[in-house]
Amino acid sequence: ATATPVPTAAPAPAPAAPSGTLDVGVLELGPGVHLPSRQPLATHKFDIVVTHEAMFQLSPEGAHDPMIIEDWSVDASGNVYTFNIQKGVQFQRGYGELTADDLIWTIDEVIREGSVHPSSSGSRRFFRCDGCSMDKIDSHTVKVTRPTPSFQATWWSLAPRGGTGFTIHSKLQYETLGEEGAAAESVGTGPWQLTEASDSEFNKVKAVQ
């Protein structure tokens, strides 16, 4: 007599991953400049939708939902705003985790003297007004203290918002490559990473985790 073989279960098929090429036509791309203070509107509008992320995002219902911000609060006076950044958010190209240092550096870069960023004047009014202060509380917490309340706490880093909200950039990238290097290399935290571009002609991106 011989033993009856016991059939083994077939391995479960691997889940199908999205694949293929998606071509998207836009009105204008502009020059490939990725340093916030030197970034014109056309380039920024692409980044804020595709390669980078903002503090907040606009929901289909029009609400200002957290994006890289986990949660935020305002004290009873209406003058102190605390923003808690999600932990574990990674910059593309190996530039590490997004922290409070990156958020503060980005804001100061957006509003620095001579900036052409479309969010520069609005961001300055909220984050760095006369009498305002912006402080790092810990690695993932930033506190903004203002002399008066403002409804614009979520407004100037909101994606997408006609291109006038700022996205978060890597301080380490700037320190590593310098101003010209950081202007030439796209580094965000979004689901797409820029791989090839030709000024005002095309941008090619790849999906990233």
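Note: the structure precedes this text.
As the structure is a computational prediction, the values presented were derived from the model and not from experiment.

### Remarks on the sheet that holds strand β3 (residues 69-74)
Consider a sheet: its strands pair through backbone hydrogen bonds, and that pairing is either parallel or antiparallel. Strand order in the open sheet formed by four strands is β3-β4-β6-β5, and the pairing between neighbours is antiparallel. The sheet is open, and its two borders are formed by β3 and β5 (133-138), each paired with just one other strand. The sheet shows a mean angle of 20 degrees between the axes of neighbouring strands, direction not considered. On the sheet, helix α2 (residues 100-111) packs against β4 (80-85), β5 and β6 (141-145) and is oriented at approximately 165 degrees with respect to β5.

### Let's talk about empty space enclosed by the protein
As enumerated under the stated definition, the model contains one cavity of 30 Å³ or more in all. There is about 70 Å³ of room inside the largest cavity. As for the largest cavity, its lining consists of 14 residues, and the residues nearest its centre are Leu 29, Gly 30, Pro 31, Gly 32 and Asn 203. Looking at the lining of the largest cavity, the elements with two or more residues in it are α1 (41-49) and β8 (192-198). Across the lining of the largest cavity, the residue classes break down as five nonpolar, seven polar and two charged.

### Describing the layout of surface pockets
Empty space within the largest pocket amounts to approximately 900 Å³. Lining the largest pocket are 26 residues, with Leu 22, Val 24, Phe 46, Asn 203 and Val 205 sitting closest to its centre. Those elements that provide at least two residues to the lining of the largest pocket are α1 and β9 (202-207). In terms of residue class, the lining of the largest pocket is made up of 14 nonpolar, six polar and six charged.

### A closer look at a nonpolar patch on the surface
On the surface, Leu 22, Val 24 and Val 26 cluster together into a nonpolar patch covering about 340 Å² of accessible area. Topologically, Val 26 is positioned in the segment before α1.

### Regarding the packing of aromatic side chains
Using the criterion set out here, one finds seven aromatic pairs in the structure. Centre to centre, the rings of Trp 105 and Tyr 174 are 5.2 Å apart; their planes meet at 45 degrees, and the pair counts as tilted. Of this pair, Trp 105 sits in helix α2 while Tyr 174 is found in helix α4 (residues 171-184), placing the two residues 69 residues apart along the sequence. Residue Trp 105 is classed as buried on the basis of its relative accessible area, which comes to 14%. An aromatic cluster of three or more residues is present, and its members are Tyr 81, Phe 126, Phe 127 and Phe 166. In this structure, Lys 204 packs its charged tip against the face of Phe 202, placed 5.5 Å from the ring centre.

Rules behind the numbers
Residues numbered from 1 in each chain as written. Predicted model: local features only at pLDDT ≥ 70, side-chain atom pairs only at ≥ 80, totals over all residues. Heavy atoms only, no water. Pairing = 2+ DSSP bridges. Helix = DSSP H or I, 4+ residues; strand = E, 2+ residues; numbered from the N terminus. Axes fitted to C-alpha atoms, helices over the stretch in contact; angles between N-to-C directions. Contact = heavy atoms within 4.5 Å. 1 Å grid on protein atoms, 1.4 Å probe; cavity = no way out; pocket = protein on both sides within 12 Å on 5 of 7 lines; lining within 4 Å. Points joined across faces, edges and corners; volume = space filled by probe spheres on them. Nonpolar A, V, L, I, M, F, W, Y, C, P; charged D, E, K, R; others polar. Patch = residues over 30% accessible without salt bridge, like charges linked within 9 Å, V, L, I, M, F, W, Y side chains within 5 Å. Areas by Shrake-Rupley, 256 points an atom, 1.4 Å probe, with all protein chains shown as cover. Salt bridge = Lys/Arg side-chain N within 4 Å of Asp/Glu carboxyl O. Phe/Tyr/Trp six-rings, centres within 6.5 Å; stacked < 30°, edge-to-face > 60°. Buried < 20%, exposed > 50% of the residue type's maximum accessible area, 1.4 Å probe, protein only. Lys NZ or Arg CZ within 6 Å of the ring centre and 35° of its normal.

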